[in-house]
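# An overview of the molecular structure
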Amino acid sequence: MSFYDAAFTVALPSPSRTQLVQQRWHARTSSKLIQGPNWQPQAMLASASAGVGAVAACAQRRPRPFPRSQIKRRAFFDFASQPSKKTVIITGASSGLGLAAAKELVKSGEWRVILACRDFVKAERVARENNFPQENYLVLHLDLAANSSVRQFVTTFRSLNIPLDALVCNAAVYFPNAHKEGAFFPGLFPGGGPRWSADGHELSFATNYLGHFLLCNLLLEDLKKSTVKPARCIILGTVTASINDKEVGGMIPPVADLGDLKGLESGMQKPTTMIDNGRFNGAKAYKDSKVCDVMLMRELHKRHHASTGIAFSSLYPGCIADTNLFREHYPVFRFLFPILQREVTNAYVSEEEAGRRLAKCVADPAYAQSGVYFSWGGESGTGGAGGTDAVENMDASNDRFLQYGSFRTLKESEIGGDAGDDARCKRLWEFSEKLVGERFS
């Protein structure tokens, strides 16, 4: 078969063999291009041209797999045309507590949830797997460890032209063994040393605290414009952050301690890893960053609640012992820790229950309080499942280990440790402004 024949065989639609042979023959005998001494290159050109035309004809006749009216396209402007819903941004909503809270709010039908996540593809996948209605969620990329990404996120959110009624600062990373050469002996599950952000800061500090500091301040104007009163800003704390000195979790070494903020004062740039400018410890870096989160909540409350009406709060939702937050820990720890929390301390809380607790802080009118650190006592008084609701858990009592006053909701004036030091909170704010290169009121 000649090149000319092959071109027609491939290019044309699929009639019967007889029709195909006839088409090739008539094309050969009727074409003026193939007459003369240069008939071969002319024939090749003719066959190529015919082939392109045939392919185009086929493409035009190809039926659509779905009628056009059935094809749905997600676009930013879709939200503006949706029925009025309240809007919440949740950082780190692709897994764990953030995802559990997003499920509760989406399920209510009253909230539009913005999943602010570093891994866009993962967040989209889990939203589909959990059957989130398209009109009730949107994934936006956010890397809290990069100040430029935080600013771009805010710009992208504002392009949606929708209100912001609540902001949940939930995302966190935890590298408890990063400072260790190995488990039991060097080389077995080595920690790998400190990780660094795009801006040169230790990664726990940058992701857990500094990125949220910038995000809260940039979105403050959006929260002010909310028609839902009060708008809310919720910042996650932890029992290990020494907020309440009666809680056993805050006494487990290494204890959170910001010192005189010497690391921050020096610029918190590589090779400086710790806020107190001490020797790097991955577990302490996490705890210190969570202390900073509660300090941020208190400072936002003092600076803006009275003038804006925005409710700033923090919470400890309970010990989610099997959360993916512990993915960097040793396998034996990940196996034994949930058992310990269930069977010994009674402090275990499922992701689902913790998600409901966080969702209450976003949506329940009883939680529209500012300057408050919400905590659930649980049935054993150790912060576990069940028990008294956080808004009613104000009075001190003995927990299972006879710690009086542990795991209870604290008013702004009752918050202790570094987070209760007004002067230190103010200095943290000022140093943070320098790190992000912007002044805020």
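Residues numbered from 1 in each chain as written. Predicted model: local features only at pLDDT ≥ 70, side-chain atom pairs only at ≥ 80, totals over all residues. Heavy atoms only, no water.

### Structural notes on the overall build of the protein
Counting its regular elements, the protein contains 13 helices and seven strands. Relative to its full complement of 441 residues, the protein shows a buried share of 51%. Pairs at least 24 residues apart make up 72% of the contacts formed inside the protein by residues separated by at least 6 positions. (Helix = DSSP H or I, 4+ residues; strand = E, 2+ residues; numbered from the N terminus. Buried < 20%, exposed > 50% of the residue type's maximum accessible area, 1.4 Å probe, protein only. Contact = heavy atoms within 4.5 Å.)

### Section: the side chain of Asp389
With respect to the element layout, Asp389 can be found in the loop between strand E7 (372-375) and helix H13 (422-436). Within the structure, Asp389 has its side chain in polar contact with the side chain of Lys360 (distance 3.3 Å). Those residues in contact with Asp389 that lie beyond four places of it in its chain are Lys360, Tyr367 and Trp376. (Polar contact = N/O pair within 3.5 Å; in protein donor to acceptor, adjacent residues only side chain to side chain.)

### Regarding empty space enclosed by the protein
Per the stated rule, a full pass over the model turns up two cavities of 30 Å³ or more. Looking at the lining of the largest cavity, the element that brings in the most residues is helix H10 (residues 282-308), giving three residues. Of the residues contributing to the lining of the largest cavity, the split by class is five nonpolar, two polar and two charged. Taken as a whole, the second largest cavity spans an internal volume of roughly 30 Å³. If you go around the second largest cavity, the residues you meet are Val173, Tyr174, Phe175, Leu325, Arg327 and Glu328. Taken together, the residues that form the lining of the second largest cavity break down as four nonpolar, no polar and two charged. (1 Å grid on protein atoms, 1.4 Å probe; cavity = no way out; pocket = protein on both sides within 12 Å on 5 of 7 lines; lining within 4 Å. Points joined across faces, edges and corners; volume = space filled by probe spheres on them. Nonpolar A, V, L, I, M, F, W, Y, C, P; charged D, E, K, R; others polar.)

### Structural notes on the confidence of the model for the protein
With 78% of its residues at a pLDDT of 70 or more, the protein has an overall mean of 84. Confidence drops under a pLDDT of 50 for residues 1-18, and excluding neighbours within four residues, the segment shows 31 contacts in the predicted structure. Residue range residues 20-36 is modelled with pLDDT below 50. Its contacts to residues more than four positions away, or to other chains, number 22 contacts. (pLDDT = per-residue confidence, 0-100.)

### A short note on helix H4 (residues 96-108)
Its 13 residues place the ends of H4 19 Å apart at the C-alpha level, agreeing with the 18 Å of an ideal helix rising 1.5 Å per residue. The complete set of buried residues in H4 reads Gly96, Leu97, Gly98, Leu99, Ala100, Ala101, Ala102, Leu105 and Val106. Those residues of H4 that are buried lie in contact with strand E1 (86-91), strand E2 (111-117), helix H5 (120-129), strand E5 (232-236) and helix H12 (351-363). In the stretch just after H4, Gly109 is the one whose phi turns positive, near 80°. (Expected span 1.5 Å × (residues − 1).)

### Here we look at the packing of aromatic side chains
Each aromatic ring pair is characterised by the separation of its centres together with the angle its planes make. Summed over the entire model, instances satisfying the criterion amount to 10 aromatic pairs. With a centroid separation of 4.7 Å and 15° between ring planes, the pair formed by Phe333 and Phe337 is classed as stacked. You can see Phe333 and its partner Phe337 sitting in helix H11 (residues 331-343), four residues apart, about one turn around the helix. With relative accessibility at 15%, the residue Phe337 sits in the buried group. Here the aromatic residues Phe205, Tyr209, Phe213, Trp429 and Phe440 are joined through ring pairs into a cluster of three or more. (Phe/Tyr/Trp six-rings, centres within 6.5 Å; stacked < 30°, edge-to-face > 60°.)

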